[in-house]
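One-letter residues, chain by chain:
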Amino acid sequence: KKMWANIRFSHRGLRTKSDKDISFEATTATTTEEKKLTGKFRGLLKRAKSSKEPEKTESEKKQIEIEEAMLRVTPETKVFGVPLAEVISKQRHVEGIPRPIYDCITFLNERALDEEGLYRIPGSKLSIELFKAKYDCGDDVIFDVYEDPTTMVSLILAYIREAPESIFSRTGLEILQSLRGTDESEMNKKLKEGLSNFPPEYMKVVGEIIWHLNAVSCHKHNNKMSAANLAMCIYPTLAGPVRGMIQHCATIFPPPVIKSSIVQLEDDGTPVNKFTRRFTRRSQKHIDVHKSIAESSPQQQQQQSHYLQQHLQQQQQ
């Protein structure tokens, strides 16, 4: 009350003065008791601000998500490091392809085949562990559009290396080692004979991965990853047999379930660019429009040319 009385008094006596002088006198009219109260209030504000926890970083958030997902992992939901027969019995597959392999290959085929250095650069350890924990606890994993492709590559390699029946297990390595130094013509026959000892459902999964690697090698003009480079990244000591599997996957393995792994090539060996084909069809449409303009009257030509210009501007935008 005293404070407001002082403000009113100073305001009545200083009508001719400026607003700055009035506000200055109003602020200086506080008593010592009021100053003590404001001091206490400021102290409480400082304590409230200091008691707030600092914001967590992205890595800390991911670590918390990993720990929460790992708590929900059960033998009934686990897919990494589990025999393929168990994965199929748990219904964690798409047409016989385990869910992690199917999702990762589909993502890479649609968005990352032109990514330079694919399969050469490892993914983020935290992201890999997070997705593995999500798959193992039975969550439905949906990859973000801007997700790093190296994470999917590392997930595929982790699944291959952790699988009990793997091409890089003891039996698979013995088959591949026996093919070192053989000619390419003989290698395909021996590979087909040797890999036929594996269960057919396993060969289907291995074939899906090799078909995908073949699709990656078809884009070597952009991603700089030929079949030889991919074989060196996957298994350096047995690069020859692995390269043979990638190059001759059509004669060794059955057709892939994921149809985007089959890449159509142009005459010069480069993959067919869908956008280029779509653009050429649009260009043909523009040629047809030009023909109709040439055969029409001058007034119709003017209207049609104006329409064509608007159409081309929309296509460029």
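Refer to the structure printed above.
The structure presented is a predicted model; accordingly, all values stated were derived computationally and were not measured.

Engineer: Where do I start with the overall build of the protein chain in this structure?
Structural biologist: The helix and strand inventory of the protein chain stands at 17 helices and two strands. Across the 317 residues in the protein chain, those meeting the buried criterion constitute 37%. Taking contacts inside the protein chain between residues at least 6 apart in sequence as the whole, the part at least 24 apart equals 70%. When the accessible area of the protein chain is evaluated, it comes to approximately 20,600 Å², of which 53% is carbon and sulfur surface.

Engineer: Looking at this model, I keep getting lost on the packing of aromatic side chains. Mind explaining?
Structural biologist: A ring pair, where both rings are aromatic, is described by two values, the distance of the centres and the angle of the planes. For the structure shown, the criterion picks out three aromatic pairs. The interplanar angle of 70° and the centroid separation of 5.6 Å between the aromatic rings of F80 and Y159 together place this pair among those described as edge-to-face. One end of the pair, F80, is in the loop between α4 (58-71) and α5 (84-89); the other, Y159, is in helix α8 (residues 149-162), and 79 residues separate them in sequence. Classification of F80 as buried rests on a relative accessible area of 1%. We classify Y159 as buried; its relative accessible area is 6%. An aromatic cluster is defined as three or more aromatic residues linked by ring pairs; in this entry it consists of F107, F131 and F143. For the cation-ring pair, K132 lies above F80, with the distance from its terminal atom to the ring centre recorded as 5.5 Å.

Engineer: Is there a simple way to explain the packing of helix α7 (residues 125-136) against α8 in this structure?
Structural biologist: When two helices pack together, you describe them by how their axes are tilted relative to each other and by the distance separating the axes. Where α7 contacts α8, the axes come no closer than 10 Å and their chain directions differ by 60°. In terms of orientation, α7 lies oblique with respect to α8. Considering how the two elements wind past one another, α7 and α8 form a crossing that is right-handed. On the side of α7, the interface is formed by S127, I128, F131 and K132, while α8 contributes T151, S154, L155 and E162.

Engineer: Sorry if this is basic, but what is going on with the environment of E65 here?
Structural biologist: Positionally, E65 belongs in helix α4. Counting along the chain gives 68 residues from E65 to A133, while the straight-line C-alpha distance between them is 8.9 Å. Sequence-distant contacts of E65, that is, excluding residues within four places in its chain, are made with L130 and K134.

Engineer: Please clarify how the side chain of S127 should be interpreted in this entry.
Structural biologist: Locating S127 in the fold gives a position in helix α7. The contacts of S127, once residues within four sequence positions are left out, are K62 and T151.

Engineer: Please explain the state of the cysteines as it appears in this structure.
Structural biologist: By definition, a disulfide is the covalent link that joins the sulfur atoms of two cysteine residues. Tallied over the entire structure, the rule returns zero disulfides. C218 forms no disulfide, and the closest cysteine sulfur to it belongs to C249, at a distance of 8.0 Å. Taking the relative accessible area as the measure of exposure, C218 reaches 13% and is therefore buried.

How each quantity is defined
Residues numbered from 1 in each chain as written. Predicted model: local features only at pLDDT ≥ 70, side-chain atom pairs only at ≥ 80, totals over all residues. Heavy atoms only, no water. Helix = DSSP H or I, 4+ residues; strand = E, 2+ residues; numbered from the N terminus. Buried < 20%, exposed > 50% of the residue type's maximum accessible area, 1.4 Å probe, protein only. Contact = heavy atoms within 4.5 Å. Areas by Shrake-Rupley, 256 points an atom, 1.4 Å probe, with all protein chains shown as cover. Phe/Tyr/Trp six-rings, centres within 6.5 Å; stacked < 30°, edge-to-face > 60°. Lys NZ or Arg CZ within 6 Å of the ring centre and 35° of its normal. Axes fitted to C-alpha atoms, helices over the stretch in contact; angles between N-to-C directions. Parallel < 35°, antiparallel > 145°, perpendicular 65-115°, else oblique. Left-handed = near helix turned anticlockwise from the far one by under 90°. Disulfide = S-S within 2.5 Å.

Just geometry here; none of it tells us what the structure is for.
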